[in-house]
Structure formats: structure tokens, C-alpha cells
Amino acid sequence: QVQLVESGGGLVQAGGSLRLSCAVSGSIVSISNMGWHRQAPGKQRELVAVSSSDGTTTYADSVKGRFTISRDNAKNTVYLQMNSLKPEDTANYYCNLYWGSNPQGGYWGQGTQVTVSS
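Just so we're clear, the structure is a prediction, and the values are computed from it rather than from any experiment. Here the residue numbering is sequential within each chain, running from 1 through the sequence in written order. Predicted model: local features are reported for residues with pLDDT of at least 70 only, side-chain atom pairs are reported and counted for 80 or more only, and whole-chain, interface and lining totals are derived from all residues. No hydrogens and no water enter the side-chain calculation; it runs on all heavy atoms of the structure.

Engineer: Would you explain the state of the cysteines in this entry?
Structural biologist: Note: disulfide means a covalent bond formed between the sulfur atoms of two cysteine side chains. Our working definition of a disulfide is a cysteine sulfur pair at a distance within 2.5 Å. Tallied over the full model, the rule gives one disulfide. The disulfide partner of Cys 22 is Cys 95, and the S-S distance across this bridge is 2.1 Å. Its S-S torsion of about -85° marks the bond between Cys 22 and Cys 95 as left-handed, since a negative value means left-handed. Taken together, the residues span a long stretch of sequence, with Cys 22 in strand 3 (residues 18–24) and Cys 95 in strand 9 (residues 91–98) at a distance of 73 residues. Across the pair, exposure class does not vary: Cys 22 and Cys 95 are buried alike. Helix and strand assignments follow DSSP, with helices taken as H or I runs no shorter than four residues and strands as E runs no shorter than two, numbered in order from the N terminus. The rule is simple: take the accessible area with a 1.4 Å probe, protein chains only, and divide by the maximum for that residue type; under 20% is buried, over 50% is exposed, in between is partly exposed.

Below, the structure written as C-alpha cells:
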């Protein structure tokens, strides 16, 4: 079974940086689309960034220029580098893996909490 495990979350001051990691079981990252989503209390889950299997990346407008998604196919790992963090970035961040065009139909990690203090 495909399993995704996020790590790297924590508490950081506004303006700081944090890097999240998502380790995937099996050698399937190279042929998969990988995404990061986040959900803050009382809000809907939001797509943050996507790394498609063809090498393209997509970002939510709210994080463009600050966040970078990357992957290491050999390590079956995807990363989310978060710079210039803001309090509004505070959320539980989820990694997902999917094929086709529907992230909701893929696999999900259990999340890692990111808290940005002001």
C-alpha cells in the first residue's frame, strides 16, 4: 500500500523559513503527481503547490514567490521549502500523491503542523 509520511513542521517566527518533507513508500514518486495542501482551523483545505510528473510546478497565488516544491525521485521524497513565512501560513500541511488530474482521488499523508508566530 502507498504510504506518505510528512515531517518538518513546527513553530517558526514570521519571516522565517521551514522545509517540509514527504516520504513515500515504494518507487512511484517519479511517475506520480505530488502536491501539498493545507488546512487551517475553520477553513477549507487549500491547494498550496503541485509538482507534476512531467516536471512542471504550480502554486497558489498566496504562496507564489515564497514557497518552492521540489522532488527527489531517487529518494521517493517531495519537499516544500517555505520562506518569508506569515502568520496566515499557519495550518496543517498535507502531502498527496495522485495520477491523472484529480488530487482528491489520490493518497494522503496524515499531515504536519506549521505554526507561524507574529
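Engineer: Sorry if this is basic, but what is going on with the packing of aromatic side chains here?
Structural biologist: Classification of ring pairs uses Phe, Tyr and Trp, with its six-membered ring standing for Trp, and accepts pairs whose centres are within 6.5 Å; under 30 degrees between planes counts as stacked, over 60 as edge-to-face, and the remaining range as tilted. Under the counting rule described, the total for this entry stands at one aromatic pair. On the numbers, 6.1 Å between centres and 85° between planes, the contact of Trp 99 with Tyr 107 is edge-to-face. Definition used: whenever NZ (Lys) or CZ (Arg) falls within 6 Å of the ring centre and also within 35 degrees of the ring normal, the charge is taken to sit over that ring. The residue whose ring lies beneath Arg 45 is Tyr 94, and the NZ or CZ to ring-centre distance is 3.8 Å.

Engineer: How should I be thinking about the nonpolar core in this particular structure?
Structural biologist: Within soluble globular proteins, side chains that are nonpolar tend to cluster in buried spots. Here, the term nonpolar core denotes a set of buried Ala, Val, Leu, Ile, Met, Phe, Trp, Tyr and Cys residues that are joined through side-chain atoms within 4.5 Å. By size, the foremost hydrophobic cluster in this structure holds 27 residues, and its most contacted members are Met 34, Trp 36, Leu 80, Met 82 and Tyr 93. Only strand 3, strand 4 (33–39), strand 5 (46–51), strand 7 (67–72), strand 8 (77–82), strand 9 and strand 11 (112–117) provide two or more residues apiece to this core.

Engineer: Looking at this model, I keep getting lost on the pairing of strand 7. Mind explaining?
Structural biologist: Along a regular strand, successive side chains alternate from one face of the sheet to the other. As defined by bridge partners, strand 7 adjoins strand 8 across six bridges and the pair is classed as antiparallel. Each bridged residue has a counterpart across the sheet, and for Asp 72 the counterpart in strand 8 is Thr 77. Between strand 7 and strand 8, which pair antiparallel in sequence order, lie four residues; one of them, Asn 76, sits at a positive phi of approximately 50°. A pair of strands is treated as paired once DSSP finds two or more bridges between them.

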